[in-house]
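Survey of secondary and tertiary structure
Single-letter residue listing:
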Amino acid sequence: MPLINYIEANGTHYEAEVAVGESIMQGAVDNMIDSVLAECGGACACATCHCYIDNAWVEKVPAAENAEKDLLEAVIDPKDNSRLSCQVFVTEEMEGFTVHLPESQY
């Protein structure tokens, strides 16, 4: 299982092994990382799992689809590297993958 890094807005760093095929959001929920609220449970319906993909990884994940893009328009402090962590799925190549969690979810 790849090791995924979650970094909160205050700098707190979490590492979690997440199974291939699971979402970054599910990895956070399973490891009790509270800055990923995940109120809709991963249904791409609420944007409470907003995250920023680390710049080193942005080009290595598939682009957001339309439903995700629509929700990202409503998040606080959107950036070019904003994603919903429920829509980013772990692959074998993601060892060391890093996401930053927004201050609005801290």
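Refer to the preceding data block for the structure.
Attention in this report is confined to the structure presented alongside it. This structure is a prediction, so every number in the text was calculated from the model and none was measured.

Moving on, we come to the overall build of the protein. What the protein contains, in helices and strands, is two helices and five strands. For 106 residues, the compact-globule formula gives about 13 Å, and the C-alpha radius of gyration of the protein, at 12 Å, lands near that figure. When burial is assessed residue by residue, the protein has 43% of its 106 residues classed as buried. Only carbon and sulfur atoms are counted for the fraction: they give 47% of the accessible area of the protein, which is about 5800 Å². Across the protein, the centroid of the 4 positively charged side chains sits 9 Å from that of the 19 negatively charged ones.

By the alternation rule, side chains of strand β3 (residues 50–53) split into H50 and Y52 and C51 and I53, which are all buried. In the sheet, β3 pairs with strand β4 (residues 82–84) via three bridges, with the strands oriented antiparallel. For C51, the partnering residue across the bridge sits in β4 and is R83. By the bridge criterion, two bridges tie β3 to strand β5 (residues 98–100) in an arrangement that is antiparallel. Each residue of the ladder has a partner; that of Y52, found in β5, is H100.

Time to look at the environment of G27. Its place among the elements puts G27 in helix α1 (residues 24–30). Measuring from C-alpha to C-alpha, the distance between G27 and I7 comes to 13 Å, with 20 residues separating the pair along the chain.

The final tally for this structure, using the stated rule, is one aromatic pair. Here the guanidinium or amino end of K60 rests over the ring plane of W57, the centre of that ring lying 5.1 Å away. The ring of Y52 carries the charged tip of K79 above its face, separated from the ring centre by 4.5 Å.

Another aspect to go through is the pairing of strand β2 (residues 13–17). Where strand β1 (residues 3–7) meets β2, five bridges bridge the pair, whose relative direction is antiparallel. Along β2, the bridge assignment pairs L3 with E17. Counting the residues in the hairpin turn of β1 and β2 gives five residues, including G11, whose phi is positive at 95 degrees.

So, how was this worked out
- Residues numbered from 1 in each chain as written.
- Predicted model: local features only at pLDDT ≥ 70, side-chain atom pairs only at ≥ 80, totals over all residues.
- Heavy atoms only, no water.
- Helix = DSSP H or I, 4+ residues; strand = E, 2+ residues; numbered from the N terminus.
- Rg over C-alpha atoms; globule rule 2.2 N^0.38 Å.
- Buried < 20%, exposed > 50% of the residue type's maximum accessible area, 1.4 Å probe, protein only.
- Areas by Shrake-Rupley, 256 points an atom, 1.4 Å probe, with all protein chains shown as cover.
- Lys, Arg positive; Asp, Glu negative; His and termini not counted.
- Charge placed at Lys NZ, Arg CZ, Asp CG, Glu CD.
- Pairing = 2+ DSSP bridges.
- Phe/Tyr/Trp six-rings, centres within 6.5 Å; stacked < 30°, edge-to-face > 60°.
- Lys NZ or Arg CZ within 6 Å of the ring centre and 35° of its normal.

The analysis is restricted to geometry; functional conclusions fall outside its scope.
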